[in-house]
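Summary of the model geometry
Below are the chains, spelled out letter by letter.
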Amino acid sequence: MKTILIMRHGEAAPMQADDAARNLTQVGHLEAKKMGQWLANTQKPDALLVSPYVRAQQTANGVAESITFKHSETCADITPEGKPHVAADYLETLIQMHPECNSWLIVAHMPIVSYLVDQLCPGNMPIFNTGAVAVIHYNENTNRSEYININAPADL
């Protein structure tokens, strides 16, 4: 059994012409650090898959202050306009390729984070507050997933 943790980036600056270049706000940086501490204490992720967008990279960096990952990579399939079935297929492939990793953290954006939860656990499409993390249990032998819950910085 593996754990998949799907996280929305922390609070970001307002929309601008270059969406990919938006930075986290001060609140967003605090959300990333807070969730990093929570993840380190409760879920212990050992693999990271992160969007190439600046705000997701900054969120992952904030989380990484509390966690050392065995495997990490940037993935263009988990941007806001990404296709959830492609992202899920890629994630499942990575899980098979890296059996030493038991807990995978995906740092991405709305709406892909909600669609990805639904792709893995049909019928579950939570709305993510900034910095929120959905917890999913994944059976790599059957490729079946179970949605457990969602945790937001304000809830901790």
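Quick summary incoming for the structure in this document. (Residues numbered from 1 in each chain as written. Predicted model: local features only at pLDDT ≥ 70, side-chain atom pairs only at ≥ 80, totals over all residues. Heavy atoms only, no water.)

A short note on the pattern of salt bridges
- Per the counting criterion, the structure on display carries four salt bridges.
- With a closest N to O distance of 3.3 Å, D19 and R55 form a salt bridge. Placement of the pair is D19 in the loop between strand 1 (2-8) and helix 1 (26-42) and R55 in helix 2 (residues 54-64), with a sequence separation of 36 residues. The pair D19 / R55 is uniform in exposure class, with both members buried.
- When the shortest N-O distance is used, the salt bridge between K70 and D46 registers 3.7 Å. (Salt bridge = Lys/Arg side-chain N within 4 Å of Asp/Glu carboxyl O. Helix = DSSP H or I, 4+ residues; strand = E, 2+ residues; numbered from the N terminus. Buried < 20%, exposed > 50% of the residue type's maximum accessible area, 1.4 Å probe, protein only.)

Re the pairing of strand 3 (residues 71-74)
- Where strand 2 (residues 47-50) and strand 3 come together, four bridges link them in parallel fashion. Counterpart to V50 in the pairing with strand 3 is T74.
- Note that the unit made of strand 2, helix 2 and strand 3 has a crossover that is right-handed. (Pairing = 2+ DSSP bridges. Right-handed = clockwise from strand over helix to strand, strands pointing away.)

Quick word on the sheet that holds strand 2
- Read across the sheet, six strands follow the order 3-2-4-1-5-6 without closing on themselves; strand pairing throughout is mixed. In the strand order of this sheet, the two ends are held by strand 3 and strand 6 (144-151), each with one partner. Adjacent strand axes in the sheet meet at a mean angle of 15°, parallel and antiparallel pairs treated alike.
- Along the sheet, helix 1 contacts strand 1, strand 4 (103-108), strand 5 (133-139) and strand 6; its crossing angle with strand 5, the most-contacted strand, is approximately 30°. (Axes fitted to C-alpha atoms, helices over the stretch in contact; angles between N-to-C directions. Contact = heavy atoms within 4.5 Å.)

Here we look at the side chain of S103
- With respect to the helices and strands, the residue S103 is situated in strand 4.
- On the basis of relative accessibility, which here comes to 4%, the residue S103 falls in the buried class.
- Residues contacting S103, with those up to four places away along its chain left out, are T3, L5, Q43, K44, P45, D46 and A47.

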